[in-house]
Amino acid sequence: ASDGSSGEVAKGALLDLSSYDDRVPAAGAFERVDDVVMGGVSSSKLVPAKQRECLVWSGQCRTDGGGFAGMRTKPLSKGLDLSQWQGLALCCALESDAEPERRTWKATLRTQNDRGEVVYQAPFVPPVASSPDNLPAPVYLPWESFRLVRGPVVVPDVPPLSAEECTAVFGLGLIMSRFGPQGPMQDFRSGAFRLAIHSLDVYNTSPAADATAPEQLDSLTTTSAGTANKGTRTLLTFLLAPILAIVFSEAARRRRQARTLLKKRYGWGAVKIRGFGQQLKRYHPSVMIIYGHEQVSSVGHYHLWP
């Protein structure tokens, strides 16, 4: 990632976060892409901050069955021409802890009109938030810092992204993962995370360049995100869909993980675990079992920020 310090920087905003009414559709332009797609139990969400001009991406990242959380733009109605710009400028701050280096952070960019696993990615390290009023310096990601990947692996013999390939960008996003360049991180910090996104722009270090202002991402997202990648249904899959949804749903996987944790940590049997679950439903419906290495209470005062 570049620091953009070579001179004056011109920017074009991809998101309007100036008011809460603007932040709501900006957050709605994205969808979660957590490791539940491969059987994991991580979960994240992107929401508009009520009193600050930012979006907040937060959640729990667990290594059980996966180890990543992500978000990406919903399908765009057309490709976004960003070829007149030099890269992305991301102003963000980690608010959950002071250890961003114990995770792998990547920005993603899609030049094909599909939802497959082959995308361009560029690594970055978000700065740690000092206070809600002090904005960090943007992280500059030139196009050439993006490499084509399949999953977490760089596709060999493919050159870095270039401006000429950004004439039709069909998606942008962020990923936080335990998978680094050398494979799974040994000191990966699982558990709660919270990243404030203050702006997402394209930039030029030559302001004199006559670059056209980009279109806002939320103005290009389509309503077909909920039906993307469902494929063609057969009669058999249509009939089995309700049963499969119950057996293989995200909620079912979380229940199985919770049962495994209670059995491993406390030695409980199936009957006691079932009784414990019924008590939680009856007397503490808002309680969520957090399984992993630490509890959310270690996150600190940053979670009080609106």
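Structure first, text after, so check above.
As the structure is a computational prediction, the values presented were derived from the model and not from experiment.

If you had to explain the overall build of the protein to someone new, which residues and values would you point to?
Along the protein, the regular secondary structure elements total four helices and 15 strands. By residue count, 42% of the 306 residues in the protein fall in the buried class. Taking the intrachain contacts of the protein between residues at least 6 apart in sequence as the baseline, contacts between residues at least 24 apart amount to 79%.

Which residues make up the pairing of strand E12 (residues 171-177), and what are the values?
The element E12 is extensively covered by neighbouring structure, given that six of its seven residues are classed as buried. The sheet contact formed by strand E5 (residues 68-73) and E12 spans five bridges and is antiparallel. Following the sheet pairing, Met71 is matched in E12 by Leu174. When strand E7 (residues 104-110) meets E12, the two strands line up antiparallel, connected through seven bridges. Opposite Thr108, over in E12, you have Gly173 as the bridge partner.

Tell me about empty space enclosed by the protein, and please be specific about residues and values.
For the structure on display, the rule yields three cavities of 30 Å³ or more. Taken together, 15 residues line the largest cavity, and the ones lying closest to its centre are Phe30, Leu90, Gly173, Leu174 and Leu200. Listing elements by their share of the lining of the largest cavity, those giving two or more residues are strand E6 (87-94), E7, E12 and strand E15 (191-204). For the lining of the largest cavity, the class distribution of residues is 13 nonpolar, two polar and no charged.

Account for the sheet that holds E7, with residues named and values stated.
Sheet architecture is open: seven strands sit in the order E2-E5-E12-E7-E8-E10-E11, paired in antiparallel fashion. Strands with a single pairing partner mark the edges of an open sheet, and in this sheet they are strand E2 (30-32) and strand E11 (153-154).

Quick notes on the rules
Residues numbered from 1 in each chain as written. Predicted model: local features only at pLDDT ≥ 70, side-chain atom pairs only at ≥ 80, totals over all residues. Heavy atoms only, no water. Helix = DSSP H or I, 4+ residues; strand = E, 2+ residues; numbered from the N terminus. Buried < 20%, exposed > 50% of the residue type's maximum accessible area, 1.4 Å probe, protein only. Contact = heavy atoms within 4.5 Å. Pairing = 2+ DSSP bridges. 1 Å grid on protein atoms, 1.4 Å probe; cavity = no way out; pocket = protein on both sides within 12 Å on 5 of 7 lines; lining within 4 Å. Points joined across faces, edges and corners; volume = space filled by probe spheres on them. Nonpolar A, V, L, I, M, F, W, Y, C, P; charged D, E, K, R; others polar.

Any functional reading would require information that these geometric values do not contain.
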